[in-house]
Amino acid sequence: MFETIQSAPPDAILGLTAAFQSDPNPAKVNLGVGVYKDASGTTPILASVKAAERKIVETAKTKSYMPIGGDPAYGKLVQEMILGVGHEAISSGRIRTAHTPGGTGGLRVGADFLKKFLPGATVWVSKPTWANHRGIFQAAGFKVEEYPYYDPKTRALDFDAMKAALEKIKAGDIVLLHVCCHNPTGVDLAHEQWSQVAEIAGKQGWLPFLDFAYQGFGASLEADRFGLLAMAAQCPEMIVSSSFSKNFGLYQDRTGALSLFAKDAKQAAASFSNIEIVIRVNYSNPAAHGGLIVTTILSDPALKQQWILELNAMRDRIAGVRSQFVAALKNAGIAQDFGYIAHQKGMFSFSGLTDAQVAFLKEKKAVYVVGGGRINVAGITPKNLDYLCAAIKEALTVV
Ligand SMILES: Cc1ncc(COP(=O)(O)O)c(C=O)c1O
């Protein structure tokens, strides 16, 4: 039967990395995949992670199976990270957390769980959103629709249109929201806008599914919680997917979590037992290593402090690169104002480059940008900045 199977298209983002890796041009620049890079262009292992790994190697006693939902200590630390210590959902036991393989695993486990109990629901995602969101929810069997989010004309959030759409979504549907550092636009909701969205969710009764993949990359670990806390205050039931790929740099260790909020501890326990079934028939129980690293760091005050400083340094570098990039584009003699890039949050920016310009940059300049013009700002380094700006200048004039 394999004779008749046609090749599937390459992944829009990971396929670009493969093309970058095989490009022989020594000046090549990869602004595609969402991986943090330091000023030397490498994706480092954080020193706090290395220290935690040493500690784990010295003290680990077994490689026996993990519980289906992972180590309960990890779950508790994740809850405290996303909500803050002492939040009512934690003390009342109405939040339950499973350790999942990255944020993608959290999204997929959540999607499979919801499909069982809300089989007819539509999942609403922002226009645009991370390409894999659509794939994940469609793979779980959901119909996926978009609500307005980014306005390419103003290069900003179209909040009026977003709000109007959210006000029409019915109870029983699912709305996916990015808590901070919106991927791919870098455009987030202001606090006041979060409060309005939370009120709409509470009134309409649709189920919020919050994707929290960049906690600490926006303003700080605490400030980035704002949207989640606003939603939790209005919506007794919701789902949160966390990723520790970026903020702990644990990309290849596939470390994330799925948290379920219910009205009370009894309902949370019943729902969580169904999440455990989804996990059991999928990957049985999580790989331990990444979770052990996170648990070791978050439960050791000195390591935690070291990690927070490293997280802050990653965030500060990206913010600095945003301003340098805007200034360098101007210095290169480009008349178009790219000032908006300096105000966006997280690793990504919608650069405003057209698909034709993106294709020109790849083919003629070996500069790799995701279709639609999303750039990973963290891929810009002092070494490639001038080359990049000159290439963009040419793309803007030639195409
Ligand atoms: C918005 C968003 N959600 C989820 C993920 C998945 O993260 P992970 O690599 O932990 O699966 C990403 C990763 O790029 C992302 O950008």
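Remember, predicted model here, so these are calculated numbers, not experimental data. (Residues numbered from 1 in each chain as written. Predicted model: local features only at pLDDT ≥ 70, side-chain atom pairs only at ≥ 80, totals over all residues. Heavy atoms only, no water.)

1. Structural notes on the pattern of salt bridges
Operational definition: Salt bridges are defined as contacts in which a side-chain nitrogen from Lys or Arg sits within 4 Å of a carboxyl oxygen from Asp or Glu. Here a strand is any run of E in DSSP of at least two residues, a helix any run of H or I of at least four, and the numbering for each starts at the N terminus. Relative accessibility under 20% of the residue-type maximum defines a buried residue, over 50% an exposed one, and the middle range a partly exposed one, all with a 1.4 Å probe and only protein chains included.
One pass over the structure, following the stated rule, counts 9 salt bridges. For the salt bridge of Arg-134 with Glu-146, the shortest nitrogen-to-oxygen distance reads 3.9 Å. Taken together, the positions of Arg-134 in helix α6 (residues 131–139) and Glu-146 in strand β4 (residues 143–148) put the pair 12 residues apart, joining distant regions of the chain. A residue is classified by how much of its surface remains accessible, and Arg-134, at 29% relative accessible area, is partly exposed. Judged by relative accessible area, which is 36%, Glu-146 ranks as partly exposed. Across the pair Glu-394 and Lys-365 runs a salt bridge, and its minimum N-O distance is 2.9 Å.

2. With respect to the packing of aromatic side chains
Rule in force here: Centres within 6.5 Å make a pair out of two Phe, Tyr or Trp rings, where for Trp the six-membered ring is used; the pair is then stacked when the planes are under 30 degrees apart, edge-to-face when over 60, and tilted otherwise. Charges are assigned to positions over rings by a cutoff of 6 Å between ring centre and Lys NZ or Arg CZ, combined with an angular limit of 35 degrees from the ring normal.
For the structure shown, the criterion picks out 11 aromatic pairs. Centre to centre, the rings of Phe-113 and Phe-117 are 5.5 Å apart; their planes meet at 55 degrees, and the pair counts as tilted. Residue Phe-113 and its partner Phe-117 are both found in helix α5 (residues 102–117); the two are separated by 4 residues, about one turn of the helix. Pairwise contacts between aromatic rings join Tyr-74, Phe-244, Phe-248 and Trp-307 into one cluster. Above the face of the Phe-20 ring, Lys-28 is positioned so that its terminal group lies 4.7 Å from the ring centre. Its end group placed over the ring of Phe-348, Arg-374 keeps NZ or CZ at 3.8 Å from the ring centre.

3. Observations concerning the packing of α5 against helix α10 (residues 265–280)
The criterion, for reference: What counts as an axis is a line fitted to C-alpha atoms, over the stretch in contact for a helix, and the angles between N-to-C directions run from 0 to 180 degrees. Note on convention: the crossing is left-handed when the near helix lies turned anticlockwise from the far helix by less than a right angle, right-handed when the turn is clockwise. Should any heavy atoms of two residues lie within 4.5 Å, those residues are counted as being in contact. Classification used: nonpolar for Ala, Val, Leu, Ile, Met, Phe, Trp, Tyr, Cys and Pro, charged for Asp, Glu, Lys and Arg, polar for all others including Gly.
Look at α5 against α10: their axes get within 9 Å of each other, and the N-to-C directions meet at 115 degrees. α10 is crossed by α5, and the crossing has right-handed handedness. In this structure, α5 contributes Val-109, Asp-112, Phe-113, Lys-116 and Phe-117 to the contact, and α10 contributes Ser-271, Asn-274, Ile-275, Ile-277, Val-278 and Ile-279. Broken down by class, the residue content of the contact of α5 with α10 amounts to 7 nonpolar, 2 polar and 2 charged.

4. Observations concerning the domain arrangement of the chain
To keep things clear, this is the line we draw: Start and end points for every domain follow an automatic or database-based domain assignment. Joining two parts hides part of their accessible area as seen by a 1.4 Å probe, and the buried area is that hidden amount summed over both. Polar contact is the term for a pair of N or O atoms within 3.5 Å; when the atoms are in protein, one must be able to donate a hydrogen and the other to accept it, and sequence-neighboring residues count only if both atoms are side-chain atoms.
Here the domain parsing of the chain yields domain 1 (2–44 + 313–398) and domain 2 (65–299). A separation of 28 Å is found between the C-alpha centroids of domain 1 and domain 2. By the criterion of area lost to domain 2, the three top residues of domain 1 are Arg-315, Lys-345 and Phe-350, representing 37% of everything that side buries. On inspection of domain 1 and its partner domain 2, the count reaches 0 salt bridges. Our count for the contact surface shared by domain 1 and domain 2 stands at 6 residue pairs in polar contact (both at pLDDT 80 or more). For the side of domain 1 that touches domain 2, the secondary-structure elements that each account for two or more residues are α12 (301–331) and β11 (348–350).

5. Topic: unusual backbone geometry
Of the consecutive residues Lys-127 and Pro-128, the connecting peptide bond is found in the cis state with omega at 5 degrees. For Pro-128, the location among the structural elements is in the loop between β3 (122–127) and α6. Looking along the chain, the bond that leaves Asn-183 and enters Pro-184 is cis, with omega of 20 degrees. Positive phi outside glycine occurs at Ala-366, with the angle close to 55 degrees. For Ala-366, the location among the structural elements is in the loop between α14 (355–365) and β12 (367–368).

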